[in-house]
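Working through the structure, step by step
Here is what each chain is made of, one letter per residue.
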Amino acid sequence: MSTLFTKIINREVPSDIVYEDDFVVGFRDINPQAPVHIVIATRAEITGVAAVEESGDQQHLIYAARKIAENEGLEKGYRLVINQGEDGGQTFDHLHMHLLGGRKLSWPPG
Ligand code: 5GP
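Everything in this summary refers to the structure shown in the same document. Since the model is a prediction, treat every value here as computed from it, not as a measurement. (Residues numbered from 1 in each chain as written. Predicted model: local features only at pLDDT ≥ 70, side-chain atom pairs only at ≥ 80, totals over all residues. Heavy atoms only, no water.)

Details of the side chain of His37
If you trace the backbone, His37 turns up in strand β3 (residues 36–42). Exposure remark for His37: the relative accessible area of 5% places this residue in the buried category. At 2.8 Å, the side chain of His37 forms a polar contact with the side chain of His98. (Helix = DSSP H or I, 4+ residues; strand = E, 2+ residues; numbered from the N terminus. Buried < 20%, exposed > 50% of the residue type's maximum accessible area, 1.4 Å probe, protein only. Polar contact = N/O pair within 3.5 Å; in protein donor to acceptor, adjacent residues only side chain to side chain.)

Describing the site of the ligand
As a structural note, the neighbourhood of the ligand is formed by 15 residues, with Arg28, Asp29, Asn83, Thr91 and His98 the closest of them. Measuring from a nitrogen atom of the ligand, one finds a backbone N or O atom of Ile30 at 3.3 Å. Within the side chain of Thr91, a nitrogen or oxygen atom sits 2.8 Å from an oxygen atom of the ligand. For the ligand, the accessible surface in isolation is 520 Å², of which the surrounding protein chains cover 84%. Among the detected pockets, the ligand sits in the largest pocket. Within the residue set of the shell around the ligand, elements represented by two or more residues are α1 (4–9), β2 (24–28) and β5 (96–101). Looking at the shell around the ligand, the element that brings in the most residues is α1, giving 3 residues. The residue makeup of the shell around the ligand, split by class, is 6 nonpolar, 7 polar and 2 charged. (Near = heavy atom within 4 Å. Areas by Shrake-Rupley, 256 points an atom, 1.4 Å probe, with all protein chains shown as cover. 1 Å grid on protein atoms, 1.4 Å probe; cavity = no way out; pocket = protein on both sides within 12 Å on 5 of 7 lines; lining within 4 Å. Sits in = over half its atoms within 2 Å of the grid points. Nonpolar A, V, L, I, M, F, W, Y, C, P; charged D, E, K, R; others polar.)

Remember that the coordinates give geometry; whether it matters functionally is a separate question.
This is how it looks when you write it as C-alpha cells:
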C-alpha cells in the first residue's frame, strides 16, 4: 500500500504542489508552522533518514529546497528539518524534508 506522500505525489490526495523534478516533489504542509512551510518528499518510498543510502534520490532534497526557497522569495533565510523516528517527531515513514521560512525562527527548536 502506498504512503500518504506517494498518494499526494500521484495526485490521488489533493495538495498544493509547488515543485517537482525526477526525484522529489514539494507541496505545502497542511498544518503550516511558518508562513512558508513546504514538505519535500522523495518519489521513492524511502522510510526515513535511517534508510538513506550512499547515493540515490535523497541526495536531491537539499538542492530542491534551495530552488523552492528561491521561488518562495526566502532571501532572508529559512530552515530545513528532517524528523527521524519517534524522538525526532517523524509521523510519516516516507523520507521528507521540511522547508520553513517567512518569519524569524527561534533556536533551539522545541
Ligand atoms: P513529519 O512529522 O513526519 O516530519 O511531517 C509530516 C508532515 O506532513 C506534517 O508537518 C503534517 O502537517 C504534514 N501532513 C500530514 N498530512 C498531510 C496532508 O494530507 N497534506 C499535506 N499537504 N501535508 C500533510
